[in-house]
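Structural overview for review
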Amino acid sequence: DLNAQQNGITGGVLEVDHPQLTLVIAEGGPKAIKRYTRLMTVRMKWRGENFLGDDGEEESDTEEAMQQDGGGATGEDGEEGEKEAPQKFNRNNTCELIWTGMGAKRMFTSFVFQRCETADVARKVLEAKGVA
């Protein structure tokens, strides 16, 4: 969300529970889309080594990757000397560019997040936005 706002990108994130997937739709100028595509496909670690989530100083990129996994950065409980167990990335995480191209006009006014239970519901949401 933060990177999209910095690049002037509109669109959204659609999280589907069954099958478990996340779809990111980004609309913007050619330079902004190029930067955002590079961020999502090259710079972000979708699969990786253990990661400690006890200091809360991770970049937003890491937090978005953990949201894909269903986790998130967690803070300390307030007790000293006790570290939380390492969280692992989901080994099956991937990021694939499905389609890129020009649209006649932007379909979104901002960058939004939405969660759907099934793929059928997600399809209806995308049809309502005009991007199905």
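Here the structure is shown first, and the text comes after it.
What comes next concerns the included structure. From a predicted model like this one, the values you see are computed outputs, not experimental measurements.

A look at the nonpolar core
If you look at the biggest cluster of nonpolar residues, it comprises eleven residues: Ala 4, Ile 9, Val 13, Ala 32, Ile 33, Tyr 36, Leu 39, Met 40, Met 44, Trp 46 and Phe 111. Top contributing element to this core by residue count: helix α2 (residues 30-43), with five residues.

Considering the environment of Ser 110
Take Ser 110: it is sitting in the loop between α3 (60-69) and β3 (111-118). In the structure, Ser 110 is positioned 109 residues away from Asp 1 in sequence and 9.8 Å away in space, judged by C-alpha atoms. Ignoring sequence-local partners within four residues, the contact set of Ser 110 consists of Thr 10 and Gly 11.

Section: the sheet that holds strand β1 (residues 10-18)
Where strands meet in a sheet, backbone hydrogen bonds hold them as pairs that are either parallel or antiparallel. Spatial ordering of the open sheet is given by β2-β1-β3, a layout of three strands whose pairing is mixed. At either margin of the open sheet sits one strand with a lone partner, and together these are β2 (21-27) and β3. Going from strand to strand, the sheet's axes swing by 15° on average, the running direction of each strand aside. Alignment of β1 against β3, held across seven bridges, turns out to be parallel. If you follow Val 16 over to β3, its bridge partner there is Cys 116. Each of β2 and β3 is contacted by α2, which is oriented at about 160° to β2, the strand it contacts most. Taken strand by strand, helix α4 (residues 119-129) contacts β1, β2 and β3, and its axis lies near 145° from that of β3.

What counts and what doesn't
Residues numbered from 1 in each chain as written. Predicted model: local features only at pLDDT ≥ 70, side-chain atom pairs only at ≥ 80, totals over all residues. Heavy atoms only, no water. Core = buried A, V, L, I, M, F, W, Y, C linked by side-chain atoms within 4.5 Å. Buried < 20%, exposed > 50% of the residue type's maximum accessible area, 1.4 Å probe, protein only. Helix = DSSP H or I, 4+ residues; strand = E, 2+ residues; numbered from the N terminus. Contact = heavy atoms within 4.5 Å. Pairing = 2+ DSSP bridges. Axes fitted to C-alpha atoms, helices over the stretch in contact; angles between N-to-C directions.

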